[in-house]
Amino acid sequence: MRDFLMVVEIIISILLIVVVVAQSGKSAGMGGAVSGAADSVFGGKERGVDGFLSRCTVILATLFILVSLGLDLVLSSY
């Protein structure tokens, strides 16, 4: 079980790195940072590849956290 979780953790971390690097920059400078944050807070929907990569990032990050917690539980029993 421990080895399986470690392999899954490595695969998820590599996929997470690839997805984050593949995303395009949301803004240029401070003005774009403020408007980009407002879009995400007030429901600006991303479409196309950027929206897909954004959803993948959230899903992979959540899986990474859950697998890390599971791995911690398994390793703490040794």
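Everything below is about the structure shown above.
What comes next is a walk through the structure. Every value quoted in this text rests on a predicted model; they were computed, and no experiment measured them.

**Let's talk about the overall build of the protein**
Counting its secondary structure elements, the protein contains three helices and zero strands. Walking the protein from its N terminus toward its C terminus, one meets helices and strands in the order α-α-α. Counting the 78 residues in the protein, one finds 18% classified as buried. Considering only contacts in the protein between residues 6 or more positions apart, those separated by 24 or more positions represent 92%. For the protein, the exposed surface amounts to about 5900 Å²; the carbon and sulfur share of it is 72%.

**A few points about the packing of helix α1 (residues 2-22) against helix α3 (residues 48-76)**
It is the contact of α1 with α3, at a shortest axis distance of 9 Å, that shows an interaxial angle of 155 degrees. Here α1 lies roughly antiparallel to α3, going by the angle between them. The way α1 lies across α3 gives a crossing that is left-handed. Looking at side-chain class alone, the contact of α1 with α3 contains 19 nonpolar, four polar and two charged residues.

What counts and what doesn't
The numbers attached to residues start from 1 for each chain and follow its sequence in the written order. Only residues with pLDDT of 70 or above have their local features reported here, since the model is predicted, and side-chain atom pairs are shown and tallied only from 80 upward, although totals for entire chains, interfaces and linings are computed over all residues. Neither water nor hydrogens contribute to the side-chain values; these are computed over all heavy atoms in the structure. For the purposes of this entry, the term helix denotes a DSSP run of H or I that reaches at least four residues, the term strand denotes a run of E that reaches at least two, and both are numbered from the N terminus. Any residue under 20% of the maximum accessible area for its type is buried, any over 50% is exposed, and the rest in between are partly exposed; the area is computed with a 1.4 Å probe on protein chains only. In this analysis, two residues are considered to be in contact whenever any of their non-hydrogen atoms come within 4.5 Å of each other. Surface exposure here means Shrake-Rupley accessible area, sampled with a 1.4 Å probe, where a residue is shielded only by the protein chains that are shown. Only the stretch in contact is used when fitting a helix axis, every axis being a line fitted to C-alpha atoms; angles between N-to-C directions are given from 0 to 180 degrees. The scheme is simple: roughly parallel for angles under 35 degrees, roughly antiparallel for over 145, roughly perpendicular for 65 to 115, oblique for anything else. Here a crossing is called left-handed whenever its near helix is offset anticlockwise from the far helix by less than a right angle, and right-handed whenever the offset is clockwise. Here the nonpolar group is Ala, Val, Leu, Ile, Met, Phe, Trp, Tyr, Cys and Pro; Asp, Glu, Lys and Arg are the charged ones; every other residue, Gly included, is treated as polar.

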